[in-house]
Amino acid sequence: MKYDYHHVSPEHADIHARLVNWALWADPRQRSMIAPMFRLYKSKARQWHTPEVKPALDTLDAIKLEQAVRALPPDQRESIRWAYVRRCSPLRQCRAIGCTYEGLYHLIQAGRGNLAVRLSATRVYPESKVAIAA
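Residue numbers restart at each chain and count upward from 1, following the sequence in its written direction. Whole-chain, interface and lining totals are the exception, using all residues; otherwise, since this is a predicted model, local features are given only for residues with pLDDT of at least 70 and side-chain atom pairs are given and counted only at 80 or more. To obtain the side-chain values, all non-hydrogen atoms of the structure were used and water was disregarded.

**Re the confidence of the model for the chain**
Here is step 1 of the chain: By definition, pLDDT measures how confident the predictor is in each residue, and it falls between 0 and 100. On average, residues of the chain carry a pLDDT of 82, and 83% of them reach 70 or more.
Here is step 2 of the chain: Residue contacts follow a heavy-atom distance rule, with two residues in contact if any of their heavy atoms lie within 4.5 Å. Note that pLDDT drops below 50 for residues 128–134; the model gives that stretch zero contacts with residues more than four away or on any other chain.

This is the structure in structure tokens:
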């Protein structure tokens, strides 16, 4: 039986959007070293091609999500990282975790659900009492 590891159930749509943002932030393959000599260079290709519009990256939300992903149980954490950042063979990930294809599918779904619950809980702090001089 084949499993669609990138299927997102409707209740996980919000967390999926945040995880996609986090994956753009966490992907080590997207950063490249530029020699200092070429740092301010502008290509002349923009004269012939329309520029690409890249999605805006919410860095603060990505950092919050990274902290939440780190707090997940190890198997869920590794399966979420695999599904959004690493994107290698499912067989390799199943061997690394020690589960079946079905188990990997359920770990991804459980990880999304666990993140949704952790990040939806809002903490209410009492307001600080400041003396205002009249």
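**A look at unusual backbone geometry**
Here is step 1 of the chain: The backbone of Arg87 sits at a positive phi, close to 55 degrees, despite the residue not being glycine.
Here is step 2 of the chain: Position of Arg87 among the secondary structure elements: in the loop between helix H3 (74–86) and helix H4 (90–97).
Here is step 3 of the chain: Assessed through its relative accessible area of 47%, Arg87 is described here as partly exposed. Secondary structure is summarised from DSSP: a helix means a run of H or I of at least four residues, a strand means a run of E of at least two, and numbering begins at the N terminus for each. For the exposure calls, accessible area comes from a 1.4 Å probe over protein chains only, and a residue counts as buried if that area is under 20% of its type's maximum, exposed if over 50%, partly exposed in between.

**Here we look at the nonpolar core**
Here is step 1 of the chain: Buried residues of nine kinds, namely Ala, Val, Leu, Ile, Met, Phe, Trp, Tyr and Cys, make up a nonpolar core once their side-chain atoms join them within 4.5 Å. Counting residues in each nonpolar core, the largest one holds 21 residues, and the members touching the most others are Leu19, Trp22, Ile80, Tyr84, Leu104 and Leu115.
Here is step 2 of the chain: When residues no more than four places from it in sequence are discounted, the contact partners of Ile80 are Leu19, Trp22, Val69, Leu72, Ile108, Gly111 and Arg112.

**Considerations on the pattern of salt bridges**
Here is step 1 of the chain: For this analysis, a salt bridge means a side-chain nitrogen from Lys or Arg found within 4 Å of a carboxyl oxygen belonging to Asp or Glu. Going through the model one piece at a time under the given rule, you end up with five salt bridges.
Here is step 2 of the chain: Between Glu66 and Arg81 there is a salt bridge, with the nearest N and O atoms lying 3.0 Å from each other. Taken together, the residues Glu66 in helix H2 (residues 59–70) and Arg81 in helix H3 connect sequence positions 15 residues apart.
Here is step 3 of the chain: Accessibility expressed as a relative area gives 9% for Glu66, which makes it buried.
Here is step 4 of the chain: The class for Arg81 is buried, based on a relative accessible area of 17%.
Here is step 5 of the chain: The partner of Arg77 in a salt bridge is Glu78, with the nearest N and O atoms 3.8 Å apart.

**A few points about the environment of Ala62**
Here is step 1 of the chain: Mapped onto the fold, Ala62 is located in helix H2.
Here is step 2 of the chain: By relative accessible area, Ala62 is classed as buried at 0%.
Here is step 3 of the chain: Placed 42 residues apart in sequence, Ala62 and Val20 show a C-alpha to C-alpha distance of 9.3 Å.
Here is step 4 of the chain: When residues no more than four places from it in sequence are discounted, the contact partners of Ala62 are Asn21, Trp22 and Trp25.

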